[in-house]
Amino acid sequence: MLTITWTECVSASRADHELLSDYRKQKLARLKDERSRQVSICAERLLIAALREADPAFPLPPEIALEENGKPYLVGRPFEFNVSHSDRYAACAISDRPVGLDIQVLSPCSEALVRRFLAPSEQEAVLNANDRDEVFSKLWCRKESYLQALGLG
């Protein structure tokens, strides 16, 4: 498992930005919040580190394009990837087959949210749980990860 600390991410030099994909630079241009920009950079830095660990000769910056449904992919490369970020946390997964990943910082979930996004059996599990927020977050992340692996998340 690779880790990059928050301090390492936010202290990235200008040269580090040259390693970012055009895809990421375009996303960054649309983000107004500095924290969102920082965590977005961290997500791609994790991707770059994972790609370089899997293939030390992986060319940088990565060339990322979007599938028809909007899922990003590496152009001409054998790796599938997914990144996720929430608050000050970022995660990345790479694989030789479709992969999905989602992370969420625990936050309060309302009953309306539970009923809107979860199946009846999942609703029951959350609403009867001692820690509703944790159970909801776990279910949400599983669903998001699965949908992202399919390219639908």
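For the structure, see preceding data.
Residues numbered from 1 in each chain as written. Predicted model: local features only at pLDDT ≥ 70, side-chain atom pairs only at ≥ 80, totals over all residues. Heavy atoms only, no water.

1. Considerations on the layout of surface pockets
A probe as big as a water molecule, rolled over the atoms, marks out the empty space that is left. When its volume is computed, the second largest pocket comes out at roughly 330 Å³. The wall of the second largest pocket is formed by 17 residues, among which Y23, P72, N82, V83 and Q148 lie closest to the centre. Residue assignment for the lining of the second largest pocket shows that the elements contributing at least two residues are α3 (22-30) and β3 (80-86). For the lining of the second largest pocket, the element with the highest residue contribution is β3, accounting for 5 residues. (1 Å grid on protein atoms, 1.4 Å probe; cavity = no way out; pocket = protein on both sides within 12 Å on 5 of 7 lines; lining within 4 Å. Points joined across faces, edges and corners; volume = space filled by probe spheres on them. Helix = DSSP H or I, 4+ residues; strand = E, 2+ residues; numbered from the N terminus.)

2. Let's talk about the nonpolar core
Within the largest apolar cluster, 10 residues are counted, these being Y23, A43, L47, L51, F58, I64, L74, F79, F81 and V83. Every element with two or more residues in this core is listed here: α4 (34-54) and β3. If you tally residues by element for this core, the top one is α4, at 3 residues. Setting aside its immediate chain neighbours within four residues, L47 contacts I64, F81, V83, C92 and I94. Counting 7 residues, the second-largest nonpolar core is a separate cluster that includes V114, L127, F136 and L139. (Core = buried A, V, L, I, M, F, W, Y, C linked by side-chain atoms within 4.5 Å. Buried < 20%, exposed > 50% of the residue type's maximum accessible area, 1.4 Å probe, protein only. Contact = heavy atoms within 4.5 Å.)

3. Thoughts on the pattern of salt bridges
By the definition in use, this model includes 7 salt bridges. Of the charged contacts in the structure, one is a salt bridge between E44 and R24, with a shortest N-O distance of 2.9 Å. With E44 in helix α4 and R24 in helix α3, the pair connects residues that are 20 residues apart, well separated along the chain. Close ionic contact of R97 with D96 constitutes a salt bridge, the shortest N to O distance being 3.4 Å. (Salt bridge = Lys/Arg side-chain N within 4 Å of Asp/Glu carboxyl O.)

4. Brief notes about the pairing of strand β4 (residues 89-95)
Taken together, the 7 bridges between β3 and β4 define a ladder with antiparallel strand orientation. Counterpart to V83 in the pairing with β4 is C92. Counted along the chain from β3 to the antiparallel partner β4, the turn is 2 residues long, and its residue D87 has a positive phi close to 55 degrees. (Pairing = 2+ DSSP bridges.)

5. Quick look at the packing of aromatic side chains
The final tally for this structure, using the stated rule, is 3 aromatic pairs. Each ring, one from F117 and one from W140, has its centre 5.1 Å from the other, and the planes form 90 degrees; the classification is edge-to-face. With a gap of 23 residues between them, F117 in helix α5 (residues 111-117) and W140 in helix α7 (residues 132-150) connect regions that are remote in the sequence. According to the relative accessible area criterion, F117 is partly exposed, its value standing at 33%. The class of W140 is partly exposed, set by a relative accessible area of 22%. These aromatic residues form a ring-pair network of at least three members: F117, F136 and W140. (Phe/Tyr/Trp six-rings, centres within 6.5 Å; stacked < 30°, edge-to-face > 60°.)

6. Quick word on the packing of helix α6 (residues 120-127) against α7
In contact at an axis separation of 8 Å, α6 and α7 are set at 150 degrees when each is read in the N-to-C sense. Classified by the angle their axes make, α6 and α7 are roughly antiparallel. Along the contact surface, α6 presents E122, A125, V126 and L127, while α7 presents R132, V135, F136, L139 and K143. The residue makeup of the contact of α6 with α7, split by class, is 6 nonpolar, no polar and 3 charged. (Axes fitted to C-alpha atoms, helices over the stretch in contact; angles between N-to-C directions. Parallel < 35°, antiparallel > 145°, perpendicular 65-115°, else oblique. Nonpolar A, V, L, I, M, F, W, Y, C, P; charged D, E, K, R; others polar.)

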